[in-house]
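Structural characterization, general
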Amino acid sequence: METMKIQDITPNDLPWKIRYDASRCTLCGSCVAACSFRAIVPKVERRRLVFSEGDLPEPKARFSAVPVIRQAHSIKNYCRGCGICEKVCPNDAIGPLRNVDNRHPIVTRCLGGDSIKRGGRKNLEGTVRTLDRLRVGRISQMTDPSLDAQRHTFDLLAPFGRIMPANKLPFAVNETGQLAASGQTPPVRWIYPVIIGDMSIGALSWRMWEAVAMAVAYLNEECGLPVRMSSGEGGVPERLLKSRYLKYMILQIASGHFGWNRIAKTMPHMIEDPAGILIKIGQGAKPGDGGLLMAQKVAEHIQAIRGVPKADLLSPPNHQGLYSIEESVQKMFLSFNAAFKFRVPVAIKVAASSTSVSVFNNLVRDPYNIVGGFFLDGIDGGTGAAHEVSLDHTGHPIVSKLRDCYLAAVAQGRQGQIPLWAAGGLGKTGDLAADAFKMICLGANGVFTGKLILQMAGCVGNEMGRCNACNTGLCPVGITTQEPALAHRLDVERAAQNIVNYFLAMDQELKKLMAPIGNSSLPVGRADALISTDRAVAERLQIQYVC
Amino acid sequence: MCRIGAIKSRNYVHPSQALLLMQSQQKGHDNSGFAMVMHDLGGIFEGYKHLPTLSLACTDEGLKIAEDILHAAGFQRVLQWVPETNDQPGLDIITMPNYVFETFDYPKHYKKAEKREKEELLLDMRLKIRLALEKDETGFVYSFWPDVLTLKEIGDPRDIGTYFNLWDVDKRFMAKVITAQCRQNTNYDIVRYAAHPFFLQGYTALANGENTFYLKNVEFQQKLHRGYIGFESDSQCFLYTLHYAHRELGWPLSYFKHVITPLPFEDIEQRDDKDSLLSIRQSLAHLEINGPNTIIGVLPDNTLFTCCDAKKLRPIVVGRSDDMVVFSSEVCGINEIMPDRDWETDIYPHEREIVAIDENLEVHRWRQ
């Protein structure tokens, strides 16, 4: 008998155990072929069968070599619980089971000597979300009738760009008694209040990125919803930069500046302005961290778009050389404004934090009217890759921080001048319309979302440790991988169609929420429409407490 | 549903006309109050049009406080009129001890001051008096402005009329523009300040309806101007928006409608002046209203106007004769005081226009 080594890894140390029923298995091999993590392997077991052939018991033993499927005992090839094996098995012979006794956080660090990295959202399950403690409680009644969501027309648009206070508008009354602009104002785009959050080409498979871009174009051109998509930091394919679809893209630049060389070079050939520029300072899922794209995801086309070799691509946690809000961010903004000749709004995205309001206040007082939006990203947002410790243990919830920023603007009489956009776990329960509506009532002009978009396309990851392998390049559903075989698992048209359909449903639901409170335009800051049965939440957010 | 009304006349009219206008719509009242603002005063105030008149309901102590404040600031009283009251038993009215209308001359060092400077002073004085009277509820100051007089009271409008002898025409108490409402605000406790119409620096506004964007409006207006205080009613916001757009920003009246009920984006896109309309919509998104409303307003030059919410959920009709124009929530109000007019010329303003009556009683209809 082999000596037992108790410190060896067994499936019981891992987060998921494979349930396998050899009697149902036809050994078709589908599960092994489909498992992108190599977490299951074919193996031969030696089986002993005792049998008796005569009239009286005469036990004999027969040994045979039986092929079976076994779980890999490896911290590299551990099962992520994605359930693809279960999906492809024709006989329901196999599937992952959550292992409550797992020692994964300990053994992985012990054996790897390295931090655990993964994608997805925060996996420490919190309590009920704050947004779920809020309800729409002010319903229009007899003297103030609610609207018919089916028949009434709604103005579901939010500003992206610096809004001038009315007394600073360059207006003059002309001889006909009309107000006419006598100077320039910063560019403002009125867009759908739900932006598809920044997910880079590189983080996403090219097919997923294409699906999102396709969905956005379709929503704009066929459905009349002016939805915008942020490119993420990875750059944009040249053909798209030169196309008329660029107007639906918000180009992002982060500290890595990935892809911007190509964007800058393509500027003379652009026939449309982009919808905006988003400067990423921080991300809610891993505040204080930079971008992280593992070498295994840096495929050839990513190398081409970003102009990099195949290596881990790490964006620094900050923009090098930019150390004060007042000067450095403005320098950046000025250069981007100048680059696009002041025709394109420039916004920044920061991670929600105890200091976010200070940053916001500084920007609100910006005398150059440069800052075209304040994107605030909270703790429940997702990411393609991060250290697990950052994902689980850093960050700040979005709801109260958004409210703080809005009320800070109110205190200065400057609400709306820098549009507030918020994200971080919105749509986590699948109901983005409700989350967006509540955030808007609390003061957001609009919201953005990333992780939910992936889930629309078929992402199987969740906040209880399922999958979350976006960092590995082995995404089993082809969303966050650059492996051609895996990426081709994603049906681009179906993914785009799902996104379009979700937005259409959400649009209808937003109207179903606006109609009862009697609003035909977005109820930004209408906190009086919300109530909470939780006194602490009500007090913190300054809304009505009900019981 | 509230009922509102307004009269603009070539000749001076007595408030009894306003009472009659409102009384015929009585089913729309809850008999919780009556209030009116009179512009372009006649009678005993006719000779003092250039001097500010204080409209005050107060206790004896309140009157002393108010007068002391004004005297200390250098104002000198030139006229005082205390309406005779008819305190008969059984009247449904919650009265204050004194109703005082006093006209003052400006302090000596303001005699040569610019008009704007004087106007700021008058506002400051009113705010100061209001604050002083608020302490022990010793009084309510509604307006302190040249050629303007305000009366507000809690109770049954008919009895309020009786109490102030408003049913009998008294040539000493007349005006060419009178706005009135027979109802208190339903959203809040009944307080004297909550009754429409509201007044600020020559601007009067009253409304029939709700303001669903009240919170947005208030949060924004509180920081816009020191005079934007109170907010006892959700309709008070309309006055401040009117004051801000017309006086503070200096925009023509036609843009008031663009501020409170901006055109849908797709309509703005079709307009030649889309740049300025979009800028207005962007910059003043927090002054938008989204509820059912009809607004009646008076400008400092005595222009009377009305406009509605974008859904046209509250009625208003404008009736005319050669000498008089009357706005009323219901046409029966106009029938009451202008039975001989040509009703075919009545105007029913639609959801995208402002109807304004200028000094010559000419009607202007501005399509938004």
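Located above this text is the structure these notes cover.
The present account deals with the structure reproduced in this document. What you are looking at is a predicted structure, and each value in this text was computed from that prediction instead of being measured. (Residues numbered from 1 in each chain as written. Chains lettered and ligands numbered in written order. Predicted model: local features only at pLDDT ≥ 70, side-chain atom pairs only at ≥ 80, totals over all residues. Heavy atoms only, no water.)

1. Re the overall build of chain A
Within chain A one finds 16 helices and 23 strands. A globule of 547 residues ought to have a C-alpha radius of gyration of about 24 Å, and chain A, at 27 Å, matches this closely. Summarising its shape, the C-alpha atoms of chain A cover approximately 115 × 60 × 40 Å along the three principal directions. Within chain A, contacts between residues at least 6 apart in sequence are counted, and of these 76% link residues at least 24 apart. With an accessible surface of roughly 23,600 Å², chain A has 52% of that area assigned to carbon and sulfur atoms. Charge-centre separation for chain A: the mean point of 62 positive side chains lies 2 Å from the mean point of 48 negative side chains. (Helix = DSSP H or I, 4+ residues; strand = E, 2+ residues; numbered from the N terminus. Rg over C-alpha atoms; globule rule 2.2 N^0.38 Å. Contact = heavy atoms within 4.5 Å. Areas by Shrake-Rupley, 256 points an atom, 1.4 Å probe, with all protein chains shown as cover. Lys, Arg positive; Asp, Glu negative; His and termini not counted. Charge placed at Lys NZ, Arg CZ, Asp CG, Glu CD.)

2. A word on the overall build of chain B
Counting its regular elements, chain B contains 10 helices and 17 strands. Against the compact-globule benchmark of 21 Å for 368 residues, chain B has a radius of gyration of 20 Å, which places it among compact chains. A principal-axis box enclosing the C-alpha atoms of chain B has dimensions of 60 × 45 × 40 Å. Relative to its 368 residues, chain B shows a buried fraction of 65%. Here the analysis covers contacts within chain B between residues at least 6 apart in sequence; of these, 73% occur between residues at least 24 apart. Counting only carbon and sulfur atoms, one obtains 47% of the accessible surface of chain B, whose full area is about 13,300 Å². Placing the 40 positive and 54 negative side-chain charges of chain B at their respective mean positions leaves the two points 3 Å apart. (Buried < 20%, exposed > 50% of the residue type's maximum accessible area, 1.4 Å probe, protein only.)

3. Comments concerning the interface of chain A and chain B
If you look at the interface, chain A gives 41 residues, while chain B gives 34 residues. In total, about 3,000 Å² of surface goes out of reach between chain A and chain B, with carbon and sulfur atoms giving 58% of it. Linking chain A with chain B are one salt bridge, by the criterion used here. For Arg 281 of chain B, the salt bridge identified is with Asp 155 of chain A, shortest N-O distance 2.6 Å. At the junction of chain A and chain B, the tally comes to 13 residue pairs in polar contact (both at pLDDT 80 or more). Elements with a contribution of two residues or more to the side of chain A that touches chain B: strand S8 (171–173) and helix H11 (399–411) of chain A. It is H11 of chain A that contributes the most residues to the side of chain A that touches chain B, three residues altogether. (Buried area = accessible area lost by both parts, 1.4 Å probe. Salt bridge = Lys/Arg side-chain N within 4 Å of Asp/Glu carboxyl O. Polar contact = N/O pair within 3.5 Å; in protein donor to acceptor, adjacent residues only side chain to side chain.)

4. Details of the side chain of Asp 534 of chain A
Residues and elements named next belong to chain A. Examined against the element boundaries, Asp 534 turns out to sit in the loop between strand S22 (530–532) and helix H16 (535–541). Polar side-chain contacts of Asp 534 include one of 2.9 Å to the backbone nitrogen of Ala 536. Here the side chain of Asp 534 touches Val 537 through a polar contact of 3.1 Å, landing on its backbone nitrogen. Here Asp 534 is in contact with Arg 133 and Tyr 545, once residues within four sequence places are set aside.

5. Regarding the sheet that holds strand S10 (residues 198–200) of chain B
Residue and element names in this part refer to chain B. Pairing in this open sheet of six strands is antiparallel, and the strands run S10-S11-S12-S13-S16-S17 from one edge to the other. Strands at the two margins of the open sheet, each flanked by one partner only, are S10 and strand S17 (363–367). Neighbour-to-neighbour, the strand axes of the sheet open up by a mean angle of 20°, direction not taken into account. Where strand S16 (residues 353–357) and S17 come together, five bridges link them in antiparallel fashion. Bridging across to S17, Ile 357 finds its partner in Val 363. Of the strands in this sheet, S10, strand S11 (203–209), strand S12 (293–298) and strand S13 (304–308) are in contact with helix H6 (residues 236–248), which crosses S11 at around 140°. (Pairing = 2+ DSSP bridges. Axes fitted to C-alpha atoms, helices over the stretch in contact; angles between N-to-C directions.)

6. A short note on the environment of Gly 473 of chain A
Secondary-structure assignment places Gly 473 of chain A in the loop between helix H13 (451–457) and helix H14 (484–487). With relative accessibility at 3%, the residue Gly 473 of chain A sits in the buried group.

7. Overview of unusual backbone geometry
Here the amide bond leading from His 196 of chain B into Pro 197 of chain B is cis, since omega sits at -5°, within 30 degrees of zero. Mapped onto the fold, Pro 197 of chain B is located in the loop between strand S9 (175–181) and S10. One non-glycine residue, Asn 369 of chain A, lies in positive phi territory at about 55°. Within the secondary structure, Asn 369 of chain A is located in the loop between helix H9 (356–364) and strand S18 (371–377). Owing to a relative accessible area of 23%, Asn 369 of chain A belongs among the partly exposed residues under this scheme. Even without being glycine, Lys 312 of chain B reaches a positive phi, approximately 55°.

8. Thoughts on the pairing of strand S17 (residues 346–351) of chain A
All names here are of chain A. Of all six residues making up S17, six are buried, and the element is well covered by its neighbours. With four bridges joining them, strand S14 (residues 276–280) and S17 adopt parallel strand pairing. What sits directly across from Lys 280, in S17, is Lys 349. By the bridge criterion, five bridges tie S17 to S18 in an arrangement that is parallel. Bridge pairing links Ala 351 to Asp 377 in S18. With respect to chirality, the unit in which S17 leads through H9 into the neighbouring parallel S18 is right-handed. (Right-handed = clockwise from strand over helix to strand, strands pointing away.)

9. Concerning empty space enclosed by the protein
Once rolled over the atoms, a probe with the size of a water molecule shows which space is left empty. By the definition in use, this model includes 10 cavities of 30 Å³ or more. The volume enclosed by the largest cavity comes to roughly 620 Å³. As for the largest cavity, its lining consists of 42 residues, and the residues nearest its centre are Asp 198, Gln 283, Gly 382, Thr 383 and Gly 384 of chain A. Elements that contribute at least two residues to the lining of the largest cavity include exactly strand S15 (292–293), strand S19 (383–387), strand S21 (446–449) and H13 of chain A. Its residues assigned to classes, the lining of the largest cavity shows 15 nonpolar, 17 polar and 10 charged. Here the second largest cavity defines a volume of roughly 150 Å³. Lining of the second largest cavity is provided by 18 residues; of these, Arg 126, Arg 130, Tyr 142, Phe 199 and Gln 236 of chain B occupy positions nearest its centre. Mapped by element, the contributors of at least two residues to the lining of the second largest cavity are helix H3 (115–134), strand S7 (139–146), strand S8 (148–155), S10 and H6 of chain B. (1 Å grid on protein atoms, 1.4 Å probe; cavity = no way out; pocket = protein on both sides within 12 Å on 5 of 7 lines; lining within 4 Å. Points joined across faces, edges and corners; volume = space filled by probe spheres on them. Nonpolar A, V, L, I, M, F, W, Y, C, P; charged D, E, K, R; others polar.)

10. Considerations on the pairing of strand S13 (residues 249–253) of chain A
Remark: a regular strand shows side chains that alternate across the two faces of the sheet. All names here are of chain A. The element S13 is extensively covered by neighbouring structure, given that five of its five residues are classed as buried. Residue alternation in S13 divides its side chains into two sets, Met 249, Leu 251 and Ile 253 and Ile 250 and Gln 252, and both sets are buried. When S13 meets S14, the two strands line up parallel, connected through four bridges. Its bridge partner lying in S14, Leu 251 is registered against Ile 277.

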